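Residue-level listing of the chains:
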Amino acid sequence: MQEWQTFIRRLPRDLSLDKMREIDRYLRFSFSGNSELLTEWFILSANDGYAKVNKAQIEQFLSKVGRRKYLMPIYEALLQNKTTRSMAIATFEKSKGHYHAVSRKSVEELIRETK
């Protein structure tokens, strides 16, 4: 799994949607069962605009995982992108009841800080 994480981290941050689709079609990162891998892929997705394509998978992951380790970097990437900010806030509002209090407060602070 570490090899795949390294692979994703080294991908250019300006990949086209076509390239992201192609990578995801063959490697199926958006459907991985590994939280570490999903975190890396969803951060890249937010940075490259691919979050419009794998939105359902991102929302599903954020609604079932409550660990700050995974939540914070994904929410940060989504909140910093103008096109995914509203998606991040809506997902948080739907999911925050499932988060640990510390995770919930951390994301709330992040939302305030990134306005």
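Our subject is the structure that appears above.
Let me begin by describing the structure that accompanies this report. Residue indices begin from 1 for each chain and proceed along its sequence in written order. Only residues with pLDDT of at least 70 are given local features in this predicted model, and only at 80 or more are side-chain atom pairs given and counted; all residues enter the totals for whole chains, interfaces and linings. To obtain the side-chain values, all non-hydrogen atoms of the structure were included, while hydrogens and water were left out.

1. Focus on the pattern of salt bridges
Here comes step 1: Any Lys or Arg side-chain nitrogen located within 4 Å of an Asp or Glu carboxyl oxygen qualifies as a salt bridge. Inspection of the entire model under this criterion finds 4 salt bridges.
Here comes step 2: With a closest N to O distance of 2.9 Å, Glu-40 and Arg-9 form a salt bridge. One end of the pair, Glu-40, is in helix 3 (residues 35-48); the other, Arg-9, is in helix 1 (residues 2-9), and 31 residues separate them in sequence.
Here comes step 3: A residue is classified by how much of its surface remains accessible, and Glu-40, at 15% relative accessible area, is buried.
Here comes step 4: Exposure classes here rest on a 1.4 Å probe applied to the protein chains alone. A residue is buried below 20% of its type maximum, exposed above 50%, and partly exposed in between. Residue Arg-9 is classed as partly exposed on the basis of its relative accessible area, which comes to 46%.
Here comes step 5: With its nearest N and O atoms 3.8 Å apart, the salt bridge here joins Asp-18 to Arg-21. Of this pair, Asp-18 and Arg-21 both sit in helix 2 (residues 17-27), 3 residues apart, roughly one helical turn.
Here comes step 6: Here Asp-18 falls in the exposed class, since its relative accessible area comes to 57%.
Here comes step 7: On the basis of relative accessibility, which here comes to 38%, the residue Arg-21 falls in the partly exposed class. The way it works is that DSSP assigns letters per residue, a run of H or I at least four long becomes a helix, a run of E at least two long becomes a strand, and they are numbered from the N terminus.

2. Some remarks on the nonpolar core
Here comes step 1: Throughout, nonpolar core names a set of buried Ala, Val, Leu, Ile, Met, Phe, Trp, Tyr and Cys residues whose side chains join them through atoms within 4.5 Å. Ranked by size, the top nonpolar core spans 34 residues in total, and within it Trp-41, Ile-58, Leu-62, Ile-74, Tyr-75 and Leu-78 carry the most contacts.
Here comes step 2: Elements supplying a minimum of two residues to this core: helix 2, helix 3, helix 4 (55-64), helix 5 (68-80), helix 6 (85-95) and helix 7 (101-113).
Here comes step 3: Sort the elements by how many residues they give to this core and helix 5 lands first, with 8 residues.
Here comes step 4: Contacts: residue pairs with any heavy atoms within 4.5 Å of one another. The residues contacting Trp-41, other than those within four sequence positions of it, are Ile-8, Leu-11, Met-20, Ile-23, Asp-24, Phe-29, Ser-30, Tyr-50 and Asn-54.

3. Considering the packing of helix 4 against helix 6
Here comes step 1: Between helix 4 and helix 6, the shortest axis-to-axis distance is 9 Å and the interhelical angle comes to 35°. Seen along the crossing, helix 4 lies across helix 6 with a hand that is right-handed. Where helix 4 abuts helix 6, its residues Lys-55, Ile-58, Glu-59, Leu-62 and Ser-63 lie against Met-87, Thr-91, Lys-94 and Ser-95.
Here comes step 2: In this count, Pro and Cys sit with the nonpolar residues alongside Ala, Val, Leu, Ile, Met, Phe, Trp and Tyr, while Asp, Glu, Lys and Arg are called charged and the others, Gly among them, polar. Residue composition of the contact of helix 4 with helix 6, by class: 3 nonpolar, 3 polar and 3 charged. Only the stretch in contact is used when a helix axis is fitted, and all axes are lines through C-alpha atoms; the angle between N-to-C directions ranges over 0 to 180 degrees. Crossings are assigned a handedness: left-handed for a near helix turned anticlockwise from the far helix by less than a right angle, right-handed for a clockwise turn.

4. Some words on a nonpolar patch on the surface
Here comes step 1: Within the patch definition used here, like charges are joined within 9 Å and nonpolar side chains (Val, Leu, Ile, Met, Phe, Trp, Tyr) within 5 Å, considering only residues with over 30% relative accessible area and no salt bridge. Per-residue and other accessible areas follow the Shrake-Rupley method at a 1.4 Å probe size, with only the shown protein chains counted as cover for residues. A contiguous nonpolar patch, built from Met-1, Trp-4, Phe-7, Tyr-26 and Leu-27 and spanning about 510 Å² of accessible area, is present on the exposed surface.
Here comes step 2: Those elements that place two or more of their residues in the nonpolar patch are helix 1 and helix 2.
Here comes step 3: Along the chain, Met-1 falls in the segment before helix 1.
Here comes step 4: You can call Met-1 partly exposed: its relative accessible area is 43%.

5. Digging into unusual backbone geometry
Apart from glycine, the bulk of residues carry a negative phi angle, and the bulk of peptide bonds sit in the trans form.
Here comes step 1: Here the phi dihedral of Arg-28 falls at roughly 55°; this positive angle occurs in a residue that is not glycine.
Here comes step 2: Residue position: Arg-28 is located in the loop between helix 2 and helix 3.
Here comes step 3: The class for Arg-28 is partly exposed, based on a relative accessible area of 46%.

6. Observations concerning the environment of Gln-5
Here comes step 1: By the element assignment, Gln-5 lies in helix 1.
Here comes step 2: The spacing of Gln-5 and Trp-41 is 36 residues in sequence and 8.3 Å in space, taken between C-alpha atoms.

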